[in-house]
Amino acid sequence: MWNFNTNITEHNRQIMVNKSVEVAQIEKEWARRANARFDWEKLKDSYIVRQFKKITHIGIAAMKDESKLQRLNHVMSEMEEIYSGGKVCLSTGDCHALEPGLTRLLATSRDYDLLQEVWVKWREVTGKKMKNLYSEFVELINEAHRDGGYSDTAAAWKSKYESETFEQDIEDLFIQLGPLYKQLHAFVRRKLMSVYGKDKFPTSGHIPAHLFGNMWSQQWNSLLDLLQPYDKESVDVTPAMKEQNYTALKMFQVSDEFFQSLGMLKMPKAFWEHSMIEKPKGRQVQCHASAWNFYNKKDFRVKQCTDVTMSDLITVHHEMGHIEYYLMYKDKPIVFQNGANPGFHEAVGDVLALSVSTPKHLQKINLLKNVVDDKESDINFMLSMALDKIAFLPFGYLMDQWRWSVFSGETPPSQYNEKWWQLRCKYQGISPPVMRSEDDFDPGAKYHIPANTPYIRYFVSFIIQFQFHKALCKAANQTGPLHTCDIYRSKEAGKLLSDVLKLGSSKPWEYAMEKIVGSRKMDAAPVMEYFKPLIDWLVEQNSQDESIGWEDECPMPPTGH
Ligand SMILES: O=C(CCC(O)(O)[C@H](Cc1ccccc1)NC(=O)c1ccccc1)N[C@@H](Cc1c[nH]c2ccccc12)C(=O)O
Ligand SMILES: [Zn+2]
């Protein structure tokens, strides 16, 4: 897997596909033995029962027909290759890959037509090319999970949260945070109208999807220079990082130092020796960031095509959070070497990044100079955080709403793109800049769809990371508003977090949640508390805006163009 992802060749694909079939045989045999020899569900020791449960739930390896498993792995590697090889040639003559070229263009250009060309062409060279592969993939992966005892793939994915009410809980959280998103959406829409002209916006209230500075409109922090309400030093420290000749290595060292300041574990030698932290020249790699566990208690790696930007500094913390979790549970039985639930694994690094992002912390590490502590600076900062964390919520929610409907059969291949845009228009209040059809396959333009990586974990993470942040700030004796808290150097906060990370998946996640935050439920209150001053400010800013919100249905995109 590592070799294929860091050097995509036919040779490495063959090895990877064959290897995964071989590993599946072993997992299947162990699961068979466990079930044949023990009536383990009736055992009294819940710790033992839990281990048996993990041994017998082996994912797609359960596929009975080996040649179908071979085909499934091949189809997945083909989709990943299409995505990672995606290149877009613009009418300017320049050709770019997603990272860093298209990402930089989308983040910095304010040219409506150029942004639209990048948005359309990326979808042509990725999603459009994998539509048939994806429908074959859905059939095969559903068969694999049915062989494993689940009704479909969605049921297998949801089972990781071990909760009958999981879907309802998620929906409740999304509804609870909807008004906050609507306020932010109205504020951003008004500003973008003043930049691009009202005539570029549909009367339905939607915002054209290519104007957010992000390929998927999932995080809007690249728009901060347009949106920052008060003229103060920008909290986007990308210029300072470039000025100080930051390198990818320096960014990882900054993150490593933060973890150590909490008394948490530093990166082992192998991490610094084997990680791929920059895009290599001369070979095709999967640039989407990821953190790898080689299950030998020594070898842990990050693969990231790091760009020297603040956004990537945050992603560095995200990936290091995965590695920190690996290190914390490395001495647990293999079956427990996982997050308490997938959302926990995604939250670790982001929790630290909430502290790193504060102006006072950025000043501590010399990336901001004359930080003033006044209301206007506060609003600027909270807006920048909302463009990352609040803007993300509907996207984090809808990705698997779409996939669950596909796996369950509710959305057939003939409606893949229609269903996708229904959700995008309804939940995000965005619209496609040009006509879409079923020849397109826009979900495939987002890494996690061809990579078959579940996504609701990020929605869960964006909620629980604020619960963790609040609890760690209390442990660090941080008084003052939640959004100003920086847990840097707090050994108490570090211990509170470490003690839970060490559990891995050996205890139900509600137990782990209770150990950190004192309650067993996901709760949006800390998110609301963190953004409270901004919410009041946005409501006041939007009070003249008669049209908060948008119609459920997608508008007709402009013709011509
Ligand atoms: O996809 C990622 C980061 C990649 C990952 O670290 O989550 C990576 C994805 C992956 C999963 C499986 C195979 C290959 C890649 N996940 C891991 O590396 C990972 C590690 C341990 C356990 C589970 C997943 N972030 C999401 C959204 C996101 C969440 N937090 C963020 C912070 C900053 C920027 C983006 C995000 C995105 O880009 O849409
Ligand atoms: Zn992650």
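Presented here is an overview of the structure given in this document. (Residues numbered from 1 in each chain as written. Chains lettered and ligands numbered in written order. Predicted model: local features only at pLDDT ≥ 70, side-chain atom pairs only at ≥ 80, totals over all residues. Heavy atoms only, no water.)

Take helix 18 (residues 392–407) next. Counted at 1.5 Å a residue, the expected span for helix 18 with its 16 residues is 22 Å, and the 23 Å between its end C-alpha atoms agrees. Counting buried positions along helix 18 yields 16 of 16 residues, so the element is predominantly enclosed. Backbone geometry just after helix 18 places Gly409 at a positive phi near 95°. (Helix = DSSP H or I, 4+ residues; strand = E, 2+ residues; numbered from the N terminus. Expected span 1.5 Å × (residues − 1). Buried < 20%, exposed > 50% of the residue type's maximum accessible area, 1.4 Å probe, protein only.)

This brings us to the environment of Asn380. Structurally, Asn380 is set in helix 17 (residues 375–389). Spatially, the C-alpha atoms of Asn380 and Leu227 are 8.9 Å apart, while their sequence positions differ by 153 residues. Once you skip the residues sitting within four places of it in the chain, Asn380 turns out to touch Leu224, Gln228, Pro229, Tyr230 and Lys232. (Contact = heavy atoms within 4.5 Å.)

Within the structure shown, the criterion is met by 4 disulfides. Each disulfide pairs two cysteine sulfurs, and for Cys473 the partner residue is Cys485, the sulfurs being separated by 2.0 Å. Torsion about the S-S bond of the Cys473 and Cys485 cystine: about -95°, corresponding to left-handed handedness. Separated by 12 residues along the polypeptide, Cys473 in helix 20 (residues 456–475) and Cys485 in the loop between helix 20 and helix 21 (491–501) bring together distant segments of the chain. The residues Cys473 and Cys485 share a single accessibility class, namely buried. Within the protein, bonded cysteines paired by disulfides and numbered along the sequence follow the pattern 1-2, 3-4, 5-8, 6-7. (Disulfide = S-S within 2.5 Å.)

Every protein donor of the zinc ion (ligand 2) is accounted for by His318 (NE2), His322 (NE2) and Glu346 (OE), and the metal-donor separations fall at 1.9 to 2.1 Å. All donor residues of the zinc ion (ligand 2) come from one chain, and their arrangement in sequence is H-x3-H-x23-E. Placement of the pair is His318 in helix 14 (residues 310–328) and Glu346 in helix 15 (residues 342–356), with a sequence separation of 28 residues. Side by side, His318 and Glu346 carry an identical accessibility label, which is buried. (Donors = N, O, S within 2.8 Å, 3.2 Å for Na, K, Ca; no water.)

Attention now moves to empty space enclosed by the protein. Considering all chains together, one arrives at 2 cavities of 30 Å³ or more under this definition. Thr56, His57, Ile58, Gly59, Ala62, His145, Gly148 and Tyr150 are the residues that line the largest cavity. Grouping the constituent residues of the lining of the largest cavity by class yields 3 nonpolar, 5 polar and no charged. Size it by volume and the second largest cavity reaches roughly 30 Å³. Lining the second largest cavity, in full, are Trp119, Arg123, Trp216, Trp420, Trp421, Arg424, Asp442 and Lys446. When the residues that make up the lining of the second largest cavity are grouped by side-chain class, the tally is 4 nonpolar, no polar and 4 charged. (1 Å grid on protein atoms, 1.4 Å probe; cavity = no way out; pocket = protein on both sides within 12 Å on 5 of 7 lines; lining within 4 Å. Points joined across faces, edges and corners; volume = space filled by probe spheres on them. Nonpolar A, V, L, I, M, F, W, Y, C, P; charged D, E, K, R; others polar.)

For the rest of this paragraph, the subject is the site of ligand 1. In the vicinity of ligand 1 lie 22 residues, with His288, Ala291, Glu319, Tyr455 and Tyr458 positioned nearest. Taking Glu346, its side chain carries an N or O atom lying 3.2 Å from an oxygen atom of ligand 1. His448 places a polar side-chain atom, nitrogen or oxygen, 2.8 Å from an oxygen atom of ligand 1. When isolated, ligand 1 has an accessible area of 770 Å², and the protein chains bury 83% of it. (Near = heavy atom within 4 Å. Polar contact = N/O pair within 3.5 Å; in protein donor to acceptor, adjacent residues only side chain to side chain. Areas by Shrake-Rupley, 256 points an atom, 1.4 Å probe, with all protein chains shown as cover.)

A separate point is the pairing of strand 5 (residues 300–303). Every second residue of strand 5 is oriented toward a common face, with Phe300 and Val302 on one face and Arg301 and Lys303 on the other, all of them buried. The pairing of strand 4 (residues 290–293) with strand 5 spans 4 bridges and is antiparallel. What sits directly across from Asn293, in strand 5, is Phe300. Hairpin connection from strand 4 to strand 5: 6 residues lie between these consecutive antiparallel strands, with Tyr295 at a positive phi of about 55°. (Pairing = 2+ DSSP bridges.)

In this model, the second largest pocket occupies a volume close to 400 Å³. If you trace the second largest pocket, you find 18 residues lining it, with Glu418, Trp421, Gln422, Cys554 and Pro555 closest to the centre. Considering only residue class, the lining of the second largest pocket consists of 8 nonpolar, 3 polar and 7 charged.

Summed over the entire model, instances satisfying the criterion amount to 36 salt bridges. With a closest N to O distance of 2.6 Å, Glu136 and Arg71 form a salt bridge. Taken together, the residues Glu136 in helix 7 (residues 131–147) and Arg71 in helix 4 (residues 66–84) connect sequence positions 65 residues apart. Judged by relative accessible area, Glu136 falls into the partly exposed class, the value being 28%. Of the charged contacts, one joins Arg190 and Asp545 as a salt bridge, the two residues approaching to 2.9 Å between their closest N and O atoms. Of the two residues, Arg190 is situated in helix 9 (residues 166–196) and Asp545 in the segment after helix 23 (525–541); the sequence distance between them amounts to 355 residues. (Salt bridge = Lys/Arg side-chain N within 4 Å of Asp/Glu carboxyl O.)

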